[in-house]
Amino acid sequence: SESAVAVGIDLGTSGARAAAVSAKGDVVGFAAAPFASPSEMANPAAWWHRVSECLTALGAATSLSGVEGLAVDATSGTVLAVDERGEPQGGVLMYNDPCPDAGIIDRIASVSPPDSPARGANSGLARAIHLSGLAPGLTLLHQADWIALKLGLETPMTDENNALKTGYDLATERWPDWIFDAGMPVGHLPQVRRAGDPLGKIGAFGVPFGLPETCRIHAGTTDGCASFLATGAGRIGDAVTALGSTMVLKLASNHPVNAAEYGIYAHRVLGFWLVGGASNTGGAVLRALIGDERLQELTAQLDPDRPTGLDYYPLLKPGERFPVNDPAHQPRLTPRPADDAVFFQAMLEGMTAIESLGYERLRSLGAPTLQSVRTVGGGARNPIWSRMRQRALGVDFLPARSVEAAVGTASLVLARRSA
Ligand code: ADP
């Protein structure tokens, strides 16, 4: 079998996963170490425990002796502060934790550029400022950066993708002055490299996992960027629709597109820009109003050649950001037909229309024309819905190479292999 040359590590909300890939990009090894309880999700010691467990399992099943490099992705916007020895101080603020100090959010709003992804109630920068102010001399890290430190990186470093929500300026490639005006202590942020750039060697830290000392640690990325790369999408116009609890659209672009009012911002990854938007519609509405256990039976009764014409906008509660920006946007789920299969079809039609509108919105804001769609998440399992969507979008629907973020992160490493 082919030998492993790159490893990607994904630290998510359910645990750690690691993928080993060959020079051709084939997955030659995979291991997972789930969190034993939800409390582990916000506990750095548990993060490291599960990552080591997972790498140990990977190394036991697959020879890692030829691995040239590894990288880590983790939840985007999760931050912690560490002392000079890399020990976490003052706890973790997760990607969805509100900043404990609302004044920081206001200060960011008053000094940041209007399109900055660091603005808003869910600001990653606000969490970072709060933690870095708890004690003098702390360095602020993202979740993935801390794992890289635990794997032997000598100085704290991060990647552009994780740094984006912390206020990093991709155009000038530096931490902008305004984040210090917002309250971030100067000198408390890690150096930033492009996702995939080599940062250092693993050295003796790799031995327990069977990784050679020469194995490089590369700058990682966010879980969202990694999931996109995992699918194999990457040409300009390639899109990935995630049909999970919510609906998330991502599109490869040859230039950045930013529109804060729609929650749209662009990551730089490999040679392109990853532009995305997230709607509140999605499978959560199906789960609440129909129930997951009935979806398969009702799918068999769908009749996509006879549209219901009900023009639904499926939401669980009022409020939408993308593709329409309206905090009071009303759900449209009436009239409800007597037949649940028709009700289900109307919801799928509504979500299909929202997906189409989403890609149109990205285009009207300057993104490239849609060329292909890959689909991930629970909704990808519905072939009739896929047909409805393919008809509406009018482009090729391609299979996802992998739905494992760890595979996407490994592909970042592969892309930087020395010849
Ligand atoms: P999450 O975003 O929570 O990780 P998943 O990717 O696991 O979600 O997708 C789960 C969602 O997919 C649920 O909301 C469920 O209703 C929806 N789903 C599952 N199977 C189907 C199906 N056959 N057709 C449409 N939606 C589905």
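Residues numbered from 1 in each chain as written. Predicted model: local features only at pLDDT ≥ 70, side-chain atom pairs only at ≥ 80, totals over all residues. Heavy atoms only, no water.

Turning next to the packing of aromatic side chains. Summed over the entire model, instances satisfying the criterion amount to five aromatic pairs. Relative to Trp 146, the ring of Trp 47 lies with its centre 6.1 Å away and its plane at 70°, an arrangement referred to as edge-to-face. Of this pair, Trp 47 sits in helix α1 (residues 44-61) while Trp 146 sits in helix α4 (residues 143-150), placing them 99 residues apart in sequence. Like Trp 146, Trp 47 is buried. With centroids separated by 5.3 Å and ring planes inclined at 75°, the aromatic side chains of Tyr 168 and Trp 175 adopt a geometry described as edge-to-face. Residue Tyr 168 shares its accessibility class with Trp 175, and that shared class is buried. (Phe/Tyr/Trp six-rings, centres within 6.5 Å; stacked < 30°, edge-to-face > 60°. Helix = DSSP H or I, 4+ residues; strand = E, 2+ residues; numbered from the N terminus. Buried < 20%, exposed > 50% of the residue type's maximum accessible area, 1.4 Å probe, protein only.)

Moving on: the sheet that holds strand β7 (residues 139-142). A sheet is described by the order of its strands in space; here three strands give the open sequence β6-β5-β7, paired in antiparallel fashion. The open sheet is flanked by β6 (88-93) and β7, the only strands paired with a single partner. For this sheet, the mean angle separating the axes of adjacent strands, direction not counted, is 20°. Strand direction decides the pairing type here: strand β5 (residues 79-82) and β6, joined by three bridges, are antiparallel. Residue Leu 80 lies in a different strand from β6, and its bridge partner there is Val 92. In the packing of α4 onto the sheet, the strands contacted are β5, β6 and β7, and the crossing angle to β7 comes to about 100°. (Pairing = 2+ DSSP bridges. Axes fitted to C-alpha atoms, helices over the stretch in contact; angles between N-to-C directions. Contact = heavy atoms within 4.5 Å.)

Contacts to the ligand come from 14 residues, most closely from Ser 245, Gly 283, Asp 292, Gly 378 and Asn 382. The contact in question runs from an oxygen atom of the ligand to an N or O atom on the side chain of Ser 245, over 2.7 Å. Between the ligand and the protein, one listed contact pairs a nitrogen atom with a side-chain N or O atom of Asn 382 at 3.1 Å. Compared with its free state, where it exposes 580 Å², the ligand has 72% of that area covered by protein. Considering each element in turn, the shell around the ligand owes the most residues, four residues, to helix α8 (residues 283-289). (Near = heavy atom within 4 Å. Polar contact = N/O pair within 3.5 Å; in protein donor to acceptor, adjacent residues only side chain to side chain. Areas by Shrake-Rupley, 256 points an atom, 1.4 Å probe, with all protein chains shown as cover.)

The next thing to look at is the sheet that holds strand β13 (residues 238-243). Spatially, the six strands line up as an open sheet ordered β15-β16-β14-β13-β17-β18, and their pairing is mixed. Edge strands, defined here as strands with exactly one partner in the open sheet, are β15 (265-269) and β18 (396-398). Strand after strand, the sheet turns through a mean of 25° between neighbouring axes, direction not considered. Bridging between β13 and strand β17 (residues 372-376) involves five bridges; their strand directions are parallel.

This brings us to helix α7 (residues 223-230). Most of α7 is tucked away: six of the eight residues are buried. Three or more residues of α7 are buried, namely Gly 224, Cys 225, Ala 226, Phe 228, Leu 229 and Ala 230. One or two positions beyond α7, positive phi appears at Gly 232, with a value near 95°.

Of all the eleven residues making up helix α12 (residues 405-415), ten are buried; the element is thus mostly covered by neighbouring parts of the structure. Buried within α12 we find Ala 405, Ala 406, Val 407, Gly 408, Thr 409, Ala 410, Ser 411, Leu 412, Val 413 and Leu 414.

Along the polypeptide, Ser 52 turns up in helix α1. Judged by its relative accessible area of 15%, Ser 52 is buried. Separated by 156 residues in sequence, Ser 52 and Pro 208 place their C-alpha atoms 8.9 Å apart. In this structure the side chain of Ser 52 is engaged in a polar contact, spanning 2.5 Å, whose partner is the backbone oxygen of Trp 48.

The next thing to look at is unusual backbone geometry. Generally, phi is negative for residues other than glycine and the peptide bonds are trans, each holding for most cases. Omega for the bond connecting Phe 322 with Pro 323 falls within 30 degrees of zero, at 0°, which places this linkage in the cis form. Here Pro 323 shows up in the loop between α9 (295-299) and α10 (340-364). Look at the link from Thr 334 to Pro 335: it is a cis peptide, with omega at -5°. Phi at Glu 173 is positive, roughly 55°, even though this residue is not glycine. Turning to its location among the elements, Glu 173 is positioned in the loop between α5 (160-164) and α6 (178-181). Residue Glu 173 is classed as partly exposed on the basis of its relative accessible area, which comes to 39%. Unlike most non-glycine residues, Asp 311 shows phi in positive territory, near 55°. Note on placement: Asp 311 falls in the loop between α9 and α10.

All right, on to the side chain of Ser 356 then. Counting through the fold element by element, Ser 356 comes out in helix α10. Overall, Ser 356 belongs to the buried group, its relative accessible area being 14%. Sequence-distant contacts of Ser 356, defined by excluding residues within four places in its chain, comprise Ala 392 and Leu 393.

Turning next to the domain arrangement of the protein. A common way to report how large an interface is uses the accessible area buried once the components associate. Parsing the protein into structural domains produces domain 1 (6-224 + 405-415) and domain 2 (234-398). Counting residues at the interface gives 14 residues for domain 1, matched by twelve residues for domain 2. Overall, the association of domain 1 and domain 2 removes approximately 1100 Å² of surface from exposure, summing both partners, and the carbon and sulfur fraction of that is 55%. When the area that domain 1 buries against domain 2 is broken down by residue, the three leading residues are Asp 115, Asn 161 and Leu 170, summing to 37%. (Domains from an automatic or database assignment. Buried area = accessible area lost by both parts, 1.4 Å probe.)

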